[in-house]
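# A structural walkthrough
Chain by chain, the residues:
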Amino acid sequence: MLIKTENLTKTYKTGKNNFIALDNINLEIGEGEIVVILGPSGSGKTTLLNLLSGLDKKTSGKIFYEGKDIGRYSDSRMTRFRKKNLGFIFQTYNLLEHLNVYENILVGKKLGSKTMDVYEVMKTVGLKKHAKKAMYQLSGGEQQRVSIARAIVKNPKVMFCDEPTGALDEKTGKIVLESLIDINEKYNTTMIIITHNPGIAFIGDKIIRMNSGKIIEEKKNKRMNPKEIPWG
Ligand SMILES: Nc1ncnc2c1ncn2[C@@H]1O[C@H](COP(=O)(O)OP(=O)(O)OP(=O)(O)O)[C@@H](O)[C@H]1O
Ligand SMILES: [Mg+2]
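Here is a short report on the structure shown in this document. (Residues numbered from 1 in each chain as written. Chains lettered and ligands numbered in written order. Predicted model: local features only at pLDDT ≥ 70, side-chain atom pairs only at ≥ 80, totals over all residues. Heavy atoms only, no water.)

Summed over all chains, the structure comprises 5 aromatic pairs. An angle of 5 degrees between the planes, with centres 6.1 Å apart, marks the rings of Phe88 and Phe90 as stacked. A relative accessible area of 17% means that Phe88 is categorised as buried. Ring geometry for Tyr102 against Tyr119: centres 5.4 Å apart, planes inclined by 40 degrees, an arrangement best described as tilted. Remark: Tyr119 occurs in helix H4 (residues 118-124) and Tyr102 occurs in helix H3 (residues 101-109); sequence separation between them is 17 residues. Tyr119 sits in the partly exposed class, given a relative accessible area of 41%. Three or more aromatic residues link up through ring pairs in this structure, and these residues are Tyr65, Tyr73 and Phe81. Cation over ring: Arg77 sits above Tyr73, and NZ or CZ is 4.0 Å from the ring centre. (Phe/Tyr/Trp six-rings, centres within 6.5 Å; stacked < 30°, edge-to-face > 60°. Buried < 20%, exposed > 50% of the residue type's maximum accessible area, 1.4 Å probe, protein only. Helix = DSSP H or I, 4+ residues; strand = E, 2+ residues; numbered from the N terminus. Lys NZ or Arg CZ within 6 Å of the ring centre and 35° of its normal.)

Shown next as structure tokens:
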């Protein structure tokens with residue numbers, strides 16, 4: 001098992017009250033799996049992703065990567081672990097506006113050690129012919145593919161994607177999903193994808209449904225091609 005959690009819980013103190021954002025989450029994610037997490041706003045999806053990726057600290061419970069308890073890592077060890085093993089994609093692309101496509105991807109490459117070739121990655125996400133363009137010369141979908149390329153070039157074990165198509169229309173969103181699947185098939189990268197869009201769940205191997213900080217359903221799925229999924 002690549003990732004395993006045991007009774008993972010996160011509570012926030014707001015004034016006098018304790019708010020349970022994540023309530024005893026037990027889940028297992030295998031290497032190379034595509035896991036889609038669905039759930040309404042406020043159900044704890046981003047909180048779960050932030051804990052799994054060490055961006056935020058759990059209140060209780062455990063998180064294991066290949067059997068190692070990362071909850072015991074110091075901050076600096078966790079930062080190193082994250083740089084080496086984890087990639088991130090968000091709804092907003094967080095790209096460097098004054099750099100071109102090639103240079104933005106190079107920023108990601110500098111974070112890793114066993115990194116990939118920038119040109120190979122540009123080819124995988126279909127951006128080779130845009131290499132010299134600045135960010136303002138790209139469509140939303142192309143910008144998102146730059147952010148995917150920047151995350152994948154360091155060859156992470158896991159990609160965390162929080163609403164990767166949230167800002168995109170159907171056609172562009174499906175192209176971005178195809179890029180994620182191409183990467184998964186080519187490099188066996190584990191994908192954890194958060195979305196509000198129930199149609200996107202059909203691209204996954206596993207669908208996890210959350211509500212009020214809990215996993216309310218977990219089921220296996222036979223992957224569908226993004227071209228064939230319903231949108232929304
Ligand atoms: N720093 C914080 N302090 C207090 N409460 C918080 C904090 N961060 C998140 N929460 C609360 O935890 C709950 C879960 O938030 P989370 O961001 O994980 O939801 P989400 O499922 O990602 O929602 P969305 O789909 O809107 O992004 C929400 O009710 C939110 O208000
Ligand atoms: Mg969220």
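Further remarks concern the nonpolar core. Of all hydrophobic cores here, the largest spans 38 residues; its most connected members are Met159 and Leu180. For this core, the secondary structure elements donating two or more residues are strand S4 (34-38), H3, H4, helix H5 (140-152), strand S8 (158-162), helix H6 (170-187) and strand S9 (190-195). Excluding its chain neighbours within four sequence positions, the residues that come into contact with Leu180 are Ile89, Ile148, Met159, Cys161, Pro164, Met191 and Ile193. Within the second largest apolar cluster, 27 residues are counted, among which are Val35, Leu49, Tyr65 and Phe81. (Core = buried A, V, L, I, M, F, W, Y, C linked by side-chain atoms within 4.5 Å. Contact = heavy atoms within 4.5 Å.)

Another point: the pattern of salt bridges. All told, the structure shown has 12 salt bridges when counted by the stated rule. Put simply, Glu28 and Lys4 hold a salt bridge, and the shortest N to O gap is 3.5 Å. With a gap of 24 residues between them, Glu28 in strand S3 (residues 28-29) and Lys4 in strand S1 (residues 3-14) connect regions that are remote in the sequence. Close ionic contact of Lys57 with Asp75 constitutes a salt bridge, the shortest N to O distance being 2.7 Å. Taken as a pair, Lys57 in the loop between helix H1 (45-52) and strand S5 (60-65) and Asp75 in helix H2 (residues 75-85) lie far apart in primary sequence, 18 residues in all. Like Lys57, the residue Asp75 is exposed in the burial classification. (Salt bridge = Lys/Arg side-chain N within 4 Å of Asp/Glu carboxyl O.)

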